[in-house]
Amino acid sequence: MMKNSIIQLLLIAYSSTHCKTVEAASSTPRRTQAQDSAQTNVKDSICTTLFTQSIFNTLAPRAVAPYSYTGFCNALINWNRNYPLPIFSGDTDTEKKNELAAFLGHVLHESHDFQAAREYSQCKTFTTDSVGKVYCKPVGYVGGTYTDPYCSLQHTPTTNPDGCACAPVPESTSMPGYVEADKLFFGRGPLQNSWNYNYKKLSDALGAEGVDICAAPDLVATNEEYAWISAFLFWTTSTGAVDTTCGQAVKCEGSFGSTLNVINGGLECPAISGHESTIWERLNDYCAAASALGVEELLSLDGCDGLRDQFDQCVGSGWCPACAVWEDKIGAPSTKEAQEECLSVPAPKQSALSAPKHGRPHHLRIQLKSE
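The structure reproduced in this document is the subject of the present report. (Residues numbered from 1 in each chain as written. Predicted model: local features only at pLDDT ≥ 70, side-chain atom pairs only at ≥ 80, totals over all residues. Heavy atoms only, no water.)

A word on the overall build of the chain. In terms of regular secondary structure, the chain is built from 15 helices and four strands. Buried positions account for 55% of the 371 residues belonging to the chain. (Helix = DSSP H or I, 4+ residues; strand = E, 2+ residues; numbered from the N terminus. Buried < 20%, exposed > 50% of the residue type's maximum accessible area, 1.4 Å probe, protein only.)

Pasting the structure below:
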């Protein structure tokens, strides 16, 4: 299936800066029976005891395709059986719940509580043709050639780092006033995967399954497994500008703030005036997930300057009702020594150009409209 392709992607990412890691994994890793069993148990413990259908429904009562509890669980077991960096795989239930709560806080926010398969500002209004092909009308688009704001011409199939081929998109002749969704690389999926270089990374990961995401990026908005895997891939491999993945930020730093810095650093970190509503909505989603999962305390808000101040302001203003119960239950970050020990095996490192996932204001929270 996708095992060899994803392992190859990981080794390529490691090889740019971490020779020791590549040497340790110079041949294709082969899981032992015990390791396979352990990874299967990650899914079993997450989806049978820690994160139930009832919790999913409580957090996202209006979830739409491609977001479903079954899709999440199926993608999780596929990921943890085939990828060298498993997700939600802490040694204890407490560690698993801490990472899952942080993950859910971000994906609920980015996907508008699992109601946005596609970024609102780019595909607020859409239509489909007789064979199901989707066409988008980006906000402000009135026809003619459309310049995709997530097409980086510095990233092409032949550059290093590379990206999916992209170019200005002509107006559809069959659907005047619209542009073909599969020509655009806007945000899709739980973490709103965006930019042509991030779609290329996902396409490489899924290549062994015969899936060319570069040619059909809208699959991330329609296929449950690809949607969730796009989020798992980003969570475990992307480092933003902080040289730490989201998974490492939780496990090694005990920090929710650092995960935000990876996902939307530059816009929400430092957490200063100008993005209050976005930051507060994200914090409230995290607090809601933490309560639903029954974590013992929130992760540290360190790692994103000003985030604790924003938390206090949000609770005080009444904007974050889910956070009120956590006001005195926020954990301290891990010690420097503990972080260094945990980070002794470095994360895959990306170039400065390809690191940020978001180079845009947060998507508009406008109800999707189909015509």
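Now that the structure is up, let's keep going.
So, about unusual backbone geometry. A cis amide bond links Ala-65 with the next residue in sequence, Pro-66, at an omega value of 10 degrees. The topology assignment puts Pro-66 in the loop between helix H4 (53-59) and helix H5 (69-82). Of the consecutive residues Cys-269 and Pro-270, the connecting peptide bond is found in the cis state with omega at 0 degrees. Its location among the elements puts Pro-270 in the loop between helix H12 (256-264) and helix H13 (276-293).

Here we come to the state of the cysteines. Here the structure, examined in full by the defined rule, presents eight disulfides. There is a disulfide in this structure between Cys-252 and Cys-342, and the S-S distance comes to 1.9 Å. Between Cys-252 and Cys-342, the S-S dihedral sits near -60 degrees, and the bridge is therefore left-handed. One end of the pair, Cys-252, is in the loop between helix H11 (246-251) and H12; the other, Cys-342, is in helix H15 (residues 336-342), and 90 residues separate them in sequence. (Disulfide = S-S within 2.5 Å.)

Phe-51, Phe-72, Phe-103, Leu-104, Phe-232 and Phe-311 are the most contacted members of the largest nonpolar core, which has 91 residues in total. Apart from the residues lying within four places of it in its own chain, the contact partners of Phe-311 are Leu-283, Cys-287, Leu-298, Leu-301, Cys-323, Trp-326, Glu-327 and Ile-330. (Core = buried A, V, L, I, M, F, W, Y, C linked by side-chain atoms within 4.5 Å. Contact = heavy atoms within 4.5 Å.)

A few words on the pattern of salt bridges. A full pass over the atoms with the stated rule returns nine salt bridges. The residue Lys-200 makes a salt bridge to Asp-162 at a minimum N-O spacing of 3.3 Å. Here Lys-200, found in helix H8 (residues 196-206), pairs with Asp-162, found in the loop between strand E2 (134-137) and strand E3 (179-180); they are 38 residues apart in sequence, far enough to count as distant. A salt bridge links Asp-218 to Arg-188, with the shortest nitrogen-to-oxygen separation between them at 2.8 Å. Here Arg-188 lies in the loop between E3 and H8 and Asp-218 lies in the loop between H8 and helix H9 (219-222), a separation of 30 residues in the sequence. The buried category is assigned to Asp-218, whose relative accessible area is 7%. Three or more residues are tied together by salt bridges with common partners; here these are Glu-110, Glu-268 and Arg-282. (Salt bridge = Lys/Arg side-chain N within 4 Å of Asp/Glu carboxyl O.)

Our next topic: H13. With 18 residues, H13 extends 26 Å from end C-alpha to end C-alpha; this agrees with the ideal 26 Å at 1.5 Å per step. Taken from the residues just after H13, Gly-294 is the one with a positive phi, measuring 75 degrees. (Expected span 1.5 Å × (residues − 1).)

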